[in-house]
Amino acid sequence: MFIRQKPARPHALGEPLLHQNHKRPVTRRDFVAAGLLSAPAVVMAPAWLAAVLRSGNANALSTDMQVLLAANQCNVPSAAAVISGVPFICFDLAGGANLVGSEVLVGVQGGQSNLLSAAGYAKLGLPGNMLPTSSGFISNALGLLWHSDGAILRGILSKATTPVTAAGTNGAVICALSQNDTANNPHNPMYGIAKAGAKGKLLTLIGDQSTVSGGYSAAPTALIDPALQPTKITQPSDAVALVQSGSGTGDPLAVAVLESVTRISGGTTPYNPNATDPTAAFTGKLARPASSSAGVQFYTDPAADANLKNQVRCAYVKTANTADAFGSSSLDPTQDVNIIGGASPIFTAADFRDSDVAGTATVMKLVLNGYAGAGTITLGGYDYHDSTRATGETRNFKAGQMIGAVLEYAQRVGSPVMIYVFSDGSLSATGSIDSSSAGRGKLGWQGDDQDTASTFFLVYSPKGRPQLLNGAASQQIGYFSADGSVVPTSSPAANAVNQLVQVVILNYMGLLGTSSQFSTLLPMQGLGSAAAQAALTAFAPIV
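Residues numbered from 1 in each chain as written. Predicted model: local features only at pLDDT ≥ 70, side-chain atom pairs only at ≥ 80, totals over all residues. Heavy atoms only, no water.

## Some remarks on the nonpolar core
Heads up, the condition is: Residues grouped as a nonpolar core are buried Ala, Val, Leu, Ile, Met, Phe, Trp, Tyr and Cys residues, joined through side-chain atoms within 4.5 Å. Burial classification: accessible surface area is computed with a 1.4 Å probe over protein chains only, and a residue below 20% of its type maximum counts as buried, one above 50% as exposed, and the rest as partly exposed. Note on contacts: a residue pair is in contact if any heavy atoms of the two residues lie within 4.5 Å.
One finds Phe91, Trp146, Phe347, Met364 and Phe456 to be the most contacted residues of the largest nonpolar core, which totals 72 residues. In this structure Phe456 touches Leu99, Val104, Leu144, Trp146, Ile152, Ala172, Val173, Ile419, Tyr420 and Val421, once residues within four positions along its chain are discounted. Of all hydrophobic cores here, the second largest spans 41 residues; its members include Cys90, Ala219, Val501 and Met509.

Right, here's the structure in full:
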């Protein structure tokens, strides 16, 4: 008896990927990885925030609120504040995408140009007639070496169309193992990026998933700070809803209500954590029922109790400042001629029907204009080992378009940006060539393979292409074996995802010129001495 298998076929963009050797999707994360759910990246705030922010006229905050807005108290920047630092956006490709070999080039010890064997590149999806041993298959358009027919590269360049965008971009690849098809990889660096200095006028972190990290992959437990949990972003209308206002400025009634709540719930005496009695700052707190003692004590430790109450009070102060200072039109990507509707728009109105486009546009609008410090964009459906090449090429091209849109927008608004791209695991190729037009004559993707995983980051600077600290060797952190597998001892990041995140944070601090403070920021870091850290840092400061 013959059992006939259906031939492999490519899957269209948005079509779910269900593999026989994978469990059925159960959780929301499973559905995102399979492409059964999109991961639209609006800003959602607490329900009461939308309720109190209504259109009206400007009304300056009262003097006592201005005191609480001061630095070292609630640390809320004003609308006119200039946000220092480098905006940060990460792309979380859910499912285990191919990011190297057929995309960013990787090599053996010594750097990208120290090429793998033909068998190694075959494992990473390249047939013998497309090896980067020929200069015709190597592109340095973005500084970082790429296979010239890489789908992500082609997607980036389709959106980053202004020549100075590519000319101001550079990047590095990090060779690092990670588990396949699991959101438990602590890949997301957002909390560490915030601790390192990323902040916005309205929000610190934003993300497109209702998760602690704000994305599909988890954040390292040691870095999580509940006070920094990302605000959810899904579409332009929700960004507008943050400060819904018809006149472009705030609602005096909402401001007055929030100021009153602040005074009643906590008072307006500045909080001093070093005071003998730190609870004395909360002069307006209500008394306990049937008790002569003032206020409600949440913790027995007075300092911890006062710190929590100050966080709550500052939330009211920040919302009052938001209601007063910000208008909605400045947050709406559909009103930005650099994004849509201008002489050379990055996206068209039709593009915005795609939730990935709408989400990417909203996140980049908020982050690159300083309204948020950092953002996560999740793209689902990257578990594409269906034995074809066409499916992976199509999806990687789209990821590239979203990355390219961020780079192009950064150039148009004159902002630097660091873009970090990662995925949960990776995959290896079959020996069969997909000769379809979408397959582009490359090898089909056969199955999951954590040994071929890596991540990369790109940096754009309006001052020109970021300069490498240690020459071309800086562009590859860790290395592969000649046969196409990550060498797990090649760097502290190579076999520990939490330390991979630390390398990303270190490189972010390097752009700020603060990498010398890394061990102070993360006392439990696993990257070694200052000299070892310098060897893991790709670029000179850009700010």
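## Regarding helix 13 (residues 497–512)
Heads up, the condition is: Strands here mean DSSP runs of E at least two residues long; helices mean DSSP runs of H or I at least four residues long; both are numbered from the N terminus. Between the first and last residue of a helix there are one fewer steps than residues, each counted as 1.5 Å, and that sum is the expected span.
With 16 residues, helix 13 extends 23 Å between its outermost C-alpha atoms, agreeing within 8% with the 22 Å of an ideal straight helix rising 1.5 Å per residue. Across the 16 residues of helix 13, 15 count as buried, placing the element largely inside the fold. Count one or two residues on from helix 13 and you reach Gly513, which has phi positive near 80°.

## Structural notes on the pattern of salt bridges
Counted only if it meets this: By definition here, a salt bridge exists when the distance from a side-chain nitrogen of Lys or Arg to a carboxyl oxygen of Asp or Glu is within 4 Å.
For the structure shown, the criterion picks out 12 salt bridges. The salt bridge involving Asp149 is made with Arg154; its shortest N-O contact spans 3.6 Å. When the shortest N-O distance is used, the salt bridge between Glu393 and Arg154 registers 2.9 Å. Of the two residues, Glu393 is situated in helix 12 (residues 390–413) and Arg154 in helix 5 (residues 151–159); the sequence distance between them amounts to 239 residues.

## Describing the pairing of strand 3 (residues 144–147)
Put simply, the test is: Here, any two strands with at least 2 DSSP bridges between them count as paired.
The alternating pattern of strand 3 places Leu144 and Trp146 on one face and Leu145 and His147 on the opposite face, and all of these are buried. Sheet topology places strand 2 (residues 138–142) next to strand 3; three bridges connect them, and they run antiparallel. The partner of Leu142 across the bridge, within strand 3, is Leu144. Between strand 2 and strand 3, which follow one another and run antiparallel, lie one residue, and Gly143 among them has a positive phi close to 85°.

## A look at the packing of aromatic side chains
We count it as follows: The aromatic pairing rule takes the rings of Phe, Tyr and Trp, using the six-membered ring of Trp, and pairs them if the centres are within 6.5 Å, calling planes under 30 degrees apart stacked, those over 60 edge-to-face and the rest tilted.
Tallied over the entire structure, the rule returns six aromatic pairs. An angle of 35° between the planes, with centres 5.3 Å apart, marks the rings of Tyr420 and Phe422 as tilted. Phe422 sits in the buried class, given a relative accessible area of 0%.

## Let's talk about the side chain of Asn507
Assignment of secondary structure puts Asn507 in helix 13. Residues contacting Asn507, with those up to four places away along its chain left out, are Met418, Phe457, Ile477, Leu536, Thr537, Ala538 and Phe539.

## Digging into the packing of helix 5 against helix 12
In plain terms, the rule: Axes here mean lines fitted to C-alpha atoms, for a helix over just the part in contact, with angles spanning 0 to 180 degrees between N-to-C directions. The cut-offs work like this: below 35 degrees is roughly parallel, past 145 is roughly antiparallel, 65 to 115 is roughly perpendicular, and the gaps in between are oblique. In this scheme the handedness of a crossing depends on how the near helix is turned from the far one: anticlockwise by less than a right angle means left-handed, clockwise means right-handed.
Running from amino to carboxyl end, helix 5 crosses helix 12 at an angle of 40°, the nearest separation of the two axes being 6 Å. Between helix 5 and helix 12, the crossing angle belongs to the class labelled oblique. Between helix 5 and helix 12 lies a crossing of right-handed hand. Taking contact as the criterion, the partners of Ala151, Ile152, Arg154, Gly155, Ile156, Ser158 and Lys159 in helix 5 are, on helix 12, Glu393, Asn396, Phe397, Gly400, Gln401, Ile403, Gly404, Ala405, Leu407 and Glu408.

## Structural notes on unusual backbone geometry
With phi around 75°, Ser387 is a residue other than glycine that occupies positive phi space. Structurally, the position occupied by Ser387 is in the loop between strand 7 (372–379) and helix 12. Exposure remark for Ser387: the relative accessible area of 39% places this residue in the partly exposed category. The phi dihedral of Arg440 is positive, around 60°, even though this residue is not glycine. Here Arg440 lies in the loop between strand 9 (427–434) and strand 10 (442–448). According to the relative accessible area criterion, Arg440 is partly exposed, its value standing at 36%.

## A closer look at the packing of helix 11 (residues 355–368) against helix 12
Across the interface, helix 11 lies against helix 12 with an axial gap of 10 Å and an inter-helix angle of 30°. Relative to helix 12, helix 11 is oriented roughly parallel. As for the relative orientation of helix 11 and helix 12, their crossing is right-handed in sense. Packed against helix 11, whose contacting residues are Asp356, Val357, Thr360, Met364, Lys365 and Leu368, the element helix 12 presents Lys398, Met402, Ala405, Val406, Tyr409, Ala410 and Val413 at the interface.

## Things to note about the sheet that holds strand 7
Spatial ordering of the open sheet is given by 6-5-7-1-8-11-4-12, a layout of eight strands whose pairing is mixed. Bordering the open sheet on either side are strand 6 (231–232) and strand 12 (476–477), each of which pairs with just one other strand. Relative to strand 7, strand 1 (residues 88–93) is paired through six bridges, and the arrangement is parallel. Along strand 7, the bridge assignment pairs Phe88 with Ala374. Running over the sheet, helix 11 touches strand 1, strand 5 (203–207), strand 7 and strand 8 (417–423) and is turned about 165° from strand 7.

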